[in-house]
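Here's the letter readout for the chains.
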Amino acid sequence: MTGQRGTRVQAAVRQAELPMLRAYRMWFEHARKCADCKRVRKAQDGCGNGQGLWDAYRQAYDGGAG
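In short, a report on the structure.

What counts, and at which threshold
- As a convention, each chain's residues are numbered from 1 in the sequence order in which they are written.
- For a predicted model such as this one, the threshold for reporting local features is a pLDDT of at least 70, and the threshold for listing and counting side-chain atom pairs is 80 or more; totals across whole chains, interfaces and linings nevertheless cover every residue.
- Hydrogens and water molecules were not included; the side-chain quantities draw on all heavy atoms of the structure.
- A fitted line through C-alpha atoms represents every axis, and for helices the fit uses only the stretch in contact; the resulting angles, taken between N-to-C directions, go from 0 to 180 degrees.
- Secondary structure is summarised from DSSP: a helix means a run of H or I of at least four residues, a strand means a run of E of at least two, and numbering begins at the N terminus for each.
- By definition in this entry, angles of less than 35 degrees are roughly parallel, angles greater than 145 are roughly antiparallel, angles of 65 to 115 are roughly perpendicular, and the rest are oblique.
- Crossings are classed by handedness, with left-handed meaning an anticlockwise turn of the near helix from the far one by less than a right angle and right-handed meaning a clockwise turn.
- The contact criterion used throughout is that any non-hydrogen atoms of two residues lie within 4.5 Å.
- Three labels apply to residues, based on accessible area from a 1.4 Å probe with only protein chains included: buried if under 20% of the type maximum, exposed if over 50%, partly exposed otherwise in between.
- We define a salt bridge as a side-chain nitrogen of Lys or Arg found within 4 Å of a carboxyl oxygen belonging to Asp or Glu.
- The pairing test for Phe, Tyr and Trp rings, Trp by its six-membered ring, is centres within 6.5 Å, and the orientation test on the planes gives stacked under 30 degrees, edge-to-face over 60, and tilted for anything in between.

## Side note on the packing of helix α2 (residues 19–33) against helix α4 (residues 48–61)
Packing of α2 against α4 brings their axes to within 8 Å, and their N-to-C directions diverge by 160°. Classified by the interaxial angle, the pair formed by α2 and α4 is roughly antiparallel. Of the two possible hands of crossing, α2 and α4 adopt the one that is left-handed. In this structure, α2 contributes Pro19, Met20, Ala23, Tyr24, Met26, Trp27 and His30 to the contact, and α4 contributes Asn49, Gly50, Leu53, Trp54, Ala56, Tyr57, Ala60 and Tyr61.

Have a look at this one:
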């Protein structure tokens, strides 16, 4: 896969991504770059944005309940 074809494949994979996995990926990408979130051991102790992303993940993990 090269060039534009690879981009289309990645876009198709992202569209088919489960909500729970998407929420986790978004939190993970944030936590990897955020200085505040890197320093804590628990996701709940991160910055406000990180906490919001983690809450969205937990809600998706629970099936949207809560």
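## Quick look at the environment of leucine 18
Inspection of the secondary structure puts leucine 18 in the loop between α1 (3–15) and α2. The exposure class of leucine 18 is exposed, given its relative accessible area of 51%.

## Looking at the pattern of salt bridges
Under the definition given, this model contains 3 salt bridges. When salt bridges that share partners are traced, they join Glu17, Arg25 and Glu29 into one network.

## A closer look at the packing of aromatic side chains
What the rule picks out here adds up to 6 aromatic pairs. Taken together, a centroid distance of 5.3 Å and an interplanar angle of 65° make the contact between tyrosine 24 and tyrosine 57 edge-to-face. Of the two residues, tyrosine 24 is situated in helix α2 and tyrosine 57 in helix α4; the sequence distance between them amounts to 33 residues. The class of tyrosine 24 is partly exposed, set by a relative accessible area of 36%. Between tyrosine 57 and tyrosine 61, the ring centres sit 5.9 Å apart and the planes meet at 45°, which makes this aromatic pair tilted. Highlighted residues: tyrosine 57 and tyrosine 61, both in helix α4, separated by 4 residues, approximately one helical turn. We classify tyrosine 57 as buried; its relative accessible area is 12%. Following the ring pairs from residue to residue traces out a cluster consisting of Tyr24, Trp27, Phe28, Trp54, Tyr57 and Tyr61.

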